[in-house]
Each structure stands twice: as C-alpha cells, then as structure tokens.
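# Coordinate inspection notes
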Amino acid sequence: MFRFASTKSAALSLRRTLKNSAILRPSYALSAGSRFFSSAQIDGWSVAANTLSADVVVLGGGLAGISTAYYMSKLSAELAKAFGVSPPTVMLVERGNPMALTSTNSTGGVRNFYPQFWSMTSLANRSIDLLRELSATSGNHFEFNQTGYLFLSAKREMLSHYLSLAHDARQNGSGPVRFNGVDVSHSIVPTHASEQGRFSSFDPATYALHDSGIDISDDVNVIRRLLPGVTKDACVMMHVRKAGYLNVEKLGAYLWEGAKRRGVQLVRADLVGVEHEERVEDRTEKLNRKVSSVLVRDPETHHFVQIKTKALVLSPGPHLKSIGEMLGIKIPVQNELHARVRVEDPLGIIRSDAPFSIWSDDITLPWTVEQHHVLQALAQKDPAYAPLLRRLAVPGIAGCHARPLQPAESNGKRAFYGIWTYDNDDVYDTPIFPPKLPKLYGSIVLRALSVMLPGLSQYFTGVDSSQDPAIRFNTDLTTAGGYYCKTDTNTPLLGPITTVTRHATTTGSHDLDIEGLFACAGVSGFGVMCSQSAGEIVALHVLRYLEGLKGGDAGYGSKIKYVERYAESFMPDRYLADPAVVLAPKDESLKAANQL
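Residues numbered from 1 in each chain as written. Predicted model: local features only at pLDDT ≥ 70, side-chain atom pairs only at ≥ 80, totals over all residues. Heavy atoms only, no water.

## Topic: the overall build of the protein
Rule in force here: Helix and strand labels come from DSSP, where a helix needs a run of H or I of at least four residues and a strand needs a run of E of at least two; each type is numbered from the N terminus. Accessible area is worked out with a 1.4 Å probe on protein chains only. A residue is then buried under 20% of its type maximum, exposed over 50%, and partly exposed in between. By definition, residues are in contact when any of their heavy atoms lie within 4.5 Å. Accessible surface area values rest on a Shrake-Rupley calculation with a 1.4 Å probe, where residue burial reflects the displayed protein chains alone.
For the protein, the count of helices and strands is 16 helices and 26 strands. For the protein, the residues scored as buried account for 56% of the 596 residues in total. When contacts within the protein are restricted to residue pairs at least 6 apart in sequence, long-range pairs at least 24 apart make up 78% of them. Just so you have it, the protein exposes about 24,600 Å², and 51% of that area is on carbon and sulfur atoms.

## Some details on the confidence of the model for the protein
Where we set the bar: Each residue gets a pLDDT score, which is the predictor's confidence in that residue and runs from 0 to 100.
Here the protein shows a mean pLDDT of 83. Residues at 70 or above account for 81%. The low-confidence segment residues 578-595, where pLDDT is below 50, has 31 contacts with residues more than four positions distant or belonging to other chains.

## Considering the nonpolar core
Going by this rule: Residues enter a nonpolar core if they are buried and are Ala, Val, Leu, Ile, Met, Phe, Trp, Tyr or Cys, with the set joined through side-chain atoms within 4.5 Å.
If you look at the biggest cluster of nonpolar residues, it comprises 131 residues, and the most contacted ones within it are Ile216 and Trp420. Ignoring any residue separated from it by four or fewer positions in sequence, one finds Ile216 in contact with Leu159, Tyr162, Leu163, Ala166, Val177, Arg178, Phe179, Asn180, Met237 and Met238. Formed by 36 residues, the second largest nonpolar core is a distinct cluster that contains Leu52, Val93, Ile329 and Leu512.

## Things to note about the layout of surface pockets
Worth spelling out the cut-off: A 1.4 Å probe that fits but cannot get out identifies a cavity on a 1 Å grid over protein atoms alone, an open set with protein on both sides within 12 Å along at least five of seven lines counts as a pocket, and a residue lines either if it has an atom within 4 Å of a point. Grid points are joined across faces, edges and corners, and a volume is the space filled by probe spheres set on the points.
Its boundaries defined by the atoms lining it, the second largest pocket holds a volume of some 550 Å³. Taken together, 25 residues make up the lining of the second largest pocket; nearest its centre are Thr104, Glu249, Arg340, Glu409 and Tyr417. Where the lining of the second largest pocket is concerned, the elements lending two or more residues are helix H9 (248-261), strand E17 (334-344) and strand E22 (477-486).

## Focus on the pattern of salt bridges
The test is simple: Salt-bridge detection follows one rule: a side-chain nitrogen of Lys or Arg within 4 Å of a carboxyl oxygen of Asp or Glu.
Enumeration over the complete set of coordinates arrives at 17 salt bridges. Asp129 serves as the salt-bridge partner of Lys242, at 2.9 Å between the closest nitrogen and oxygen. On the criterion of sequence distance, the pair formed by Lys242 in the loop between strand E10 (236-240) and strand E11 (243-245) and Asp129 in helix H4 (residues 118-137) is long-range, its members being 113 residues apart. On the accessibility criterion, Asp129 (30% relative accessible area) is partly exposed. Through salt bridges that share partners, Arg178, Asp215 and Arg241 make up one connected network.

## Describing the side chain of Arg241
As a reminder of what qualifies: Residues adjacent in sequence count toward polar contacts only when both atoms are side-chain atoms; beyond that, a polar contact is any pair of N or O atoms within 3.5 Å, and within protein one must be able to donate a hydrogen and the other to accept it.
In this structure, Arg241 sits in the loop between E10 and E11. For Arg241, a relative accessible area of 5% translates into the label buried. Separated by 2.7 Å, the side chain of Arg241 and the backbone oxygen of Tyr207 make a polar contact. Discounting residues that sit within four places of it in the chain, Arg241 has contacts with Gly148, Arg178, Tyr207, Ala208, His210, Asp211, Ser212, Gly213 and Asp215.

## Quick look at the packing of helix H3 (residues 63-83) against helix H13 (residues 531-549)
Under the convention used in this document: Structural elements are reduced to axes, namely lines fitted to C-alpha atoms, with helices fitted over the stretch in contact, and the angle between N-to-C directions of any two is expressed from 0 to 180 degrees. If an angle is under 35 degrees, it is roughly parallel; if it is over 145, roughly antiparallel; if it lies from 65 to 115, roughly perpendicular; otherwise it is oblique. Note: crossing handedness is left-handed where the near helix turns anticlockwise from the far helix by less than a right angle, and right-handed where it turns clockwise.
Two numbers describe how H3 lies on H13: the axes approach to 7 Å, and their chain directions differ by 55 degrees. In this view, H3 runs oblique relative to H13, as classed from their interaxial angle. Once H3 is placed against H13, the crossing between them reads as right-handed. Between H3 and H13, the contacting residues are Leu63, Ser67, Thr68, Tyr71, Met72, Leu75, Ser76 and Leu79 on the first element and Ser531, Gln532, Gly535, Glu536, Val538, Ala539, Leu540, Val542 and Leu543 on the second.

## Re the sheet that holds strand E4 (residues 90-94)
Two modes of strand pairing occur in sheets, parallel and antiparallel, and in both the strands are linked by backbone hydrogen bonds. Where we set the bar: At least two bridges found by DSSP between two strands are what make those strands a pair.
Spatial strand order, E12-E4-E3-E16-E26-E23: six strands in an open sheet with mixed pairing. At either end of the open sheet lies a strand with only one pairing partner, and these are strand E12 (265-268) and strand E23 (493-496). Recorded for the sheet is a direction-independent mean angle of 20 degrees between the axes of neighbouring strands. Inspection of the sheet shows strand E3 (residues 56-59) paired to E4 by four bridges, in the parallel sense. Paired with Val56 across the two strands is Val90, which belongs to E4.

## What about unusual backbone geometry?
Cis rather than trans, the peptide bond between Phe433 and Pro434 has omega equal to -5 degrees. Tracing the backbone shows Pro434 in the loop between strand E21 (427-428) and helix H12 (441-452). In the Ramachandran plot, Asn180 falls in the positive-phi region, its phi being about 50 degrees despite a non-glycine side chain. Within the element layout of this structure, Asn180 appears in the loop between strand E7 (177-179) and strand E8 (182-183). Positive phi is not limited to glycine here, since Asn411 has a value of about 55 degrees. Inspection of the secondary structure puts Asn411 in the loop between strand E19 (401-404) and strand E20 (415-419).

## Side note on H4
Heads up, the rule is: Every helix has an expected span of 1.5 Å times one less than the residues it contains.
Its 20 residues give H4 an end-to-end C-alpha distance of 29 Å, which sits within 8% of 28 Å, the value for a rise of 1.5 Å per residue. Among the residues trailing H4, Gly139 stands out with phi positive, at a value near 70 degrees.

## Some words on H9
Here H9 spans 20 Å end to end across 14 residues, near enough to the 20 Å set by a 1.5 Å rise per residue. For H9, every residue scored as buried is listed here: Val248, Leu251, Gly252, Ala253, Leu255, Trp256, Gly258 and Ala259. Backbone nitrogen of Glu249 and a side-chain oxygen of the N-cap are separated by 3.2 Å at the start of H9; the cap is Asn247. Once H9 ends, the next one or two residues include Gly263, with phi positive near 100 degrees.

## Description of the packing of H3 against H9
The axes of two packed helices give the description: the angle between them and the distance between them. Where H3 meets H9, the closest approach of the two axes is 9 Å, and the angle between their N-to-C directions is 35 degrees. As for the relative orientation of H3 and H9, their crossing is left-handed in sense. Contact residues: Leu63, Ile66, Ser67, Ala69, Tyr70 and Ser73 in H3; Val248, Leu251, Gly252, Leu255, Trp256, Gly258 and Ala259 in H9.

## Concerning the pairing of E19
In E19, alternate side chains face the same way, and those of His401 and Arg403 on one face and Ala402 and Pro404 on the other are all buried. Where strand E18 (residues 356-359) meets E19, two bridges bridge the pair, whose relative direction is antiparallel. Each bridged residue has a counterpart across the sheet, and for Ser357 the counterpart in E19 is Ala402. Pairing geometry for E19 and E20, over four bridges, is antiparallel. Pairing of His401 across the sheet is with Ile419, part of E20.

## As for the environment of Thr137
Relative to the helices and strands, Thr137 resides in helix H4. For Thr137, a relative accessible area of 64% translates into the label exposed.

Here's what the structure looks like:
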C-alpha cells in the first residue's frame, strides 16, 4: 500500500487545530433521524471560533473522490490563470488513508465496451482519453497497459453473438468492427468460418496499431498468437481494443499528488452532519436547503470541527446509502460484494503483456473421480463446497477473467489477478469490513481459469489432495475484495442532487430543493475505467454552481466547459425526483445489459 506525503501532516494539522479549540459537545440530543440539520440546530454545538473553511468539500478518498478533487483543482487553476481570479479551495475528507478501502482492491480493468448504453460508452471513451493523456505526460507512471479485453469461447455459435454485440457497441461509440481483419462495420457478416475464411495475412505490428474498435475472429492461429497457452478448444474471439488495465494504486497516488500541489487539503475525519440554510417558498411550498457547512469528527480524538463550505460532493463508496440516510435522503443503491485472487505465476503461464482475458463459456471445474468423491463428502458438511461441484453458468459473455500484474504491482514477481463473479447473491445495504469473502473463491477461480489456460493446472496437479483437493496448491493465492455500489440500472450518480420529491419534515411533507450537494458515486464495477470523466463531470457541475453563487461574475463566465450531453443520463435526480422510480423493482434486463 502506498503512502501519501500529506496524510500525516494534514492529520497533525487538524489535531493541532482541535487541541487549541474547545472540545465540541452537543448541548441537545440529536434525533435518530436526519443529520441534515438547520443553522439554528448547529448553534447548539460549542463550535470553536477557528473553524476550517473551504469552497468545496469532497467526502471520500477513494479513486472517485480523488479524481473529483484532482479535476476540480486542475480545471479551476486553468480558469483562474486565464481570467486572473482566485481558484476555489478544496478539502478532501477521508477517515483513513486515501485509496485504502474498495479502490485499492480493484483489478484495474479499463474498457469502452457497453453494447447497450451510449451514455456509458461516451463516459468510458472520455475517461480513457484522459487516462491516455495522463499516461503520456507522466511517463506512464501508473502502468497503463492498452492491450485490450479479449473475450474467448469454445463454442462456434458464440461468433454470431460476439458480432451482434460488437455492432451494438459500434453504434454506441466503441469504434469500427473488424472480422478477420476486414472492416465490417456496415455489413452483415456470415457467422461460420467456412463462409468467411481466415485472416488473409496477419501482421502483429499492424494489428497492434488499432487503438479503438473491436476485432472478431475465428482464426485459431490468431487467437493463439494473442494469448499464448490458450486452450486448443478456443475457436472464436472478440477483442475490444480501447481497453486494458492499469496500476490503480499508482493512478490514485499520481492524481492525489497533482491535487495536493494545487492546494487540495486532506482532513482525516468522519462526517457527522451537514448544516444548511433553509426556507420555504410561498408560491410552490417547496422546502429549499442550501449547504453552508459540514461537521466532522476526528476518528482518533473524537473531537469535532466545523468546515464552512459552499458545496459538498458525496463520494463515499459503499457508504453512500448510509450517508444519504444521515442526510434524510433515500438513495436507491446497494452494495454487491466482489472479490479477486492474486496468484503467483512463477512458471510464467500468463505473459506480462497479455490482454485482459475473459472466458465466455459455462464451466464445470476439472476434478478427478477420486477428488470429486472427496468434495461430495465435504459439501454435505459445508455448503461452501457446493459451487465446486456444479456447472457454473456465465450471464452474458463475462465468465472468469485474468490479467497479468506488472512488476511494480507484484514486487517484481510474476503474478496475475483472477476474477469471476460466479455468484452475486451477497448484497448489503451497509457494508461489512473486512468483507466476508467466499471461503473457496481462490480455488474456484484458479481452476476455472485452467479451462481457458490449461498450463495453470500445473499449480494444483501433482500435490496431495486426498484430504481436501480444493485447498491444495503449489503456488500462493491471496484473496481480497470490496463492494460495487450500484444503482438498479448499474449506471453512476454524477452531478447535483437538487430535488427530492415529498420529503417528510417536522412541518409536513414538502418537495425539497437542495443547493450545494453533489454526488460522484454509484460507480459499481467501472469506478476505475470511468473515474476520470466522472471526476471531470462533477468538477464542472460544481464550478458552474460556484459561478452561479457569484452572479456569474467570478471571471469564468461561459468559458466553463459545457458538460457533455451524455452526462445528463447520470444526474442523481433521475432517481430522487420521482418516488415511483425510487420504489420501483429492479429492472433486471437493464442491469444485465450493463453487467460484465
């Protein structure tokens, strides 16, 4: 785990401030309900005179929060320099170390492949473009490997499915479709190899130049060149080219250092509540609340401090739902538990430059007859063994995944990440830390990957498995995990939270208008690949809001970049402004369409 240079100093700075201040103690009992309290209520706290202040407070030090702070500081610095005005001040509030919760357990995958969602493809395209710019200017500090996502199947009938998905993805902006090297973006392609033939000529150097679009092939020689060691049964492939993987910790550290250089400060604290100015509009009877400060608490000293602010960005990862409840807002998200296994690969079965490789077919794990009998007996005593014996189905095309680790990610050792969401039943409103990961996750994933890459079987054959074959290996496996904070449509919440319909208060039920509250959240399994554009979008929303508070005379004017049209699809109000949407059952078709 990396360390941030400013973490200790910022924490010490906050503690010195608190040490020299009166301890904040409540003179009244807070209700068990909303902490989105009024100015009159917060006066009940003995707030010290030397409170902190920042124009913007970002809550959450994961990749989404850090990206928001980074682009807030970057864009505002550029505008301030151009127009001779002072940029807004930004504080990042995080209880622990930045990047230490869910973000650090990501596999770092990046893709622009969303066949059913133009908006998600646009979001990913912009984010990958920004990652490419950062990679170029930083000397590829965060090891952005742009070798693509390679989907593989042993079923010839999967070819037509790959082609259909690729054409859908092209229409949504993923780039041209090529079949055996020929651009077929605007044509109907035969689905059998005998009708189409093979690559007329395959030049690896020319093939590597494609940095967008989707390549589909049923040429087994090409498949084996792209992924040496792949099973001889693999007969069709789909290669998404604007895709790859990166070192998430290094990306987070790089962005944080950039934000810190532009003056972003880190405050180690928990959010306790939000102060607002309140009024009821006579004509509409709408209740209006404008964020004016946040109250936070040092997790070690338990002392409180008030941060006066104009805007609060919620980016708390899997704590979004509980933070919303604290503020009296129902945010319809859930936390889905996901895991990964790190496998040491001393034999170099997976090359360090291999694409992010994904097996699209159902899998029955390979066992000998004797091992199967042992596992059956174990499964009768422990249900954790049951998945090892049944056929594991693949929803869509995303079965078990593997991607190699770069030397800096693995202390110079050969290793790879294995991922497979073969069972998505573990869903939480309130996340549990450390996460309760499936007992035999690593065993299931490694054996599943051996179906795609048979050489991996060397890590579990030839060892004594008479007692428990599921836990016998001759290499090291380390399992980690975190949570996907997801909306029902599996699309993010990016932008201002402005309207909550029929909000119950002590004075009755009102439509609630909110000012100064934003979200960069609900980023599910695409938090890394869409982090840059998500942070940029939210930063732009906040800057435009701050401009409006100054009556449009802050010096930015119309020069603030227009927030792209696709960003409208991610506005949080699409959930919060309509109670029918908030209470609607999950749309499984939409969820599945965006789930890899």
